[in-house]
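Each chain, written out:
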Amino acid sequence: QVQLVESGGGVVQAGGSLRLSCAASGRTFSSYTMGWFRQAPGKEREFVAAIRWSGGRTYYADSAKGRFTISRDNAKNTVYLQMNSLKPEDTAVYYCAAEFGLSLTRQSATAFNSWGQGTQVTVSS
């Protein structure tokens, strides 16, 4: 069973940075796609970024391009989301997700079956 544990959320001023971590366990993830999603109050969960564990190819939502970077550390079985130039509209609960063999460009939350518990990111103006 896949287990995902996020950490690294917090409160930061606009223009600041945060790095989120997602510790993955329970499987060999070489054929998995890992994703980051976020959900603000009253809004649907939206795609932020994804990475293929094998090879490290990445894909980003337009809102994340140029500001966020997704990466993984094979030795630590951990996926990261480095977030720079944060804006108040980035405020949300951020979730890590995993799915076996998923196309990198699948942006729908319903395509992922394994989820972490989420970590709150709050960006103050």
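Details of the structure are given in the entry above.
Since this is a predicted model, take the numbers as computed values, not measurements.

Focus on the overall build of the protein chain
Helix and strand content of the protein chain: zero helices and 11 strands. Start at the N end of the protein chain and walk to the C end: the helices and strands fall as β-β-β-β-β-β-β-β-β-β-β. Whereas a compact globule of 125 residues would reach a radius of gyration of roughly 14 Å, the protein chain reaches 13 Å, a difference of no more than 12%. The principal-axis extents of the C-alpha atoms in the protein chain amount to approximately 40 × 30 × 25 Å. A buried classification covers 44% of the 125 residues belonging to the protein chain. Counting contacts in the protein chain only where the partners sit at least 6 residues apart, residues at least 24 apart contribute 58% of the total.

Observations concerning the sheet that holds strand E8 (residues 78-83)
Strand order in the open sheet made by the four strands is E1-E3-E8-E7, with antiparallel pairing throughout. Looking at the sheet topology across the chains shown, the edges are occupied by strand E1 (3-7) and strand E7 (68-73). The sheet shows a mean angle of 15° between the axes of neighbouring strands, taken without regard to direction.

Let's talk about the pairing of strand E11 (residues 119-124)
Residue alternation in E11 divides its side chains into a buried set, Thr 119, Val 121 and Val 123, and an unburied set, Gln 120, Thr 122 and Ser 124. The pairing of strand E2 (residues 10-13) with E11 spans four bridges and is classified as parallel. Bridge pairing links Gln 13 to Ser 124 in E11. For strand E9 (residues 92-100) and E11, the ladder comprises three bridges, and the chain directions are antiparallel. Its bridge partner lying in E11, Val 93 is registered against Gln 120.

What to know about the state of the cysteines
Applying the stated criterion across every chain yields a total of one disulfide. Covalently, Cys 22 is tied to Cys 96 through a disulfide, its sulfur atoms 2.1 Å apart. Torsion about the S-S bond of the Cys 22 and Cys 96 cystine: about -75°, corresponding to left-handed handedness. With Cys 22 in strand E3 (residues 18-25) and Cys 96 in strand E9, this pair connects stretches of sequence that are 74 residues apart. Comparing Cys 22 with Cys 96 shows no difference in burial state: the two are buried.

Observations regarding unusual backbone geometry
Residues other than glycine predominantly adopt negative phi, and peptide bonds predominantly adopt the trans conformation. The backbone of Asn 77 sits at a positive phi, close to 50°, despite the residue not being glycine. Relative to the helices and strands, Asn 77 is located in the loop between E7 and E8. Judged by relative accessible area, Asn 77 falls into the partly exposed class, the value being 24%. Positive phi is not limited to glycine here, since Ser 85 has a value of about 50°.

Reading the values: rules and limits
- Residues numbered from 1 in each chain as written.
- Predicted model: local features only at pLDDT ≥ 70, side-chain atom pairs only at ≥ 80, totals over all residues.
- Heavy atoms only, no water.
- Helix = DSSP H or I, 4+ residues; strand = E, 2+ residues; numbered from the N terminus.
- Rg over C-alpha atoms; globule rule 2.2 N^0.38 Å.
- Buried < 20%, exposed > 50% of the residue type's maximum accessible area, 1.4 Å probe, protein only.
- Contact = heavy atoms within 4.5 Å.
- Pairing = 2+ DSSP bridges.
- Axes fitted to C-alpha atoms, helices over the stretch in contact; angles between N-to-C directions.
- Disulfide = S-S within 2.5 Å.

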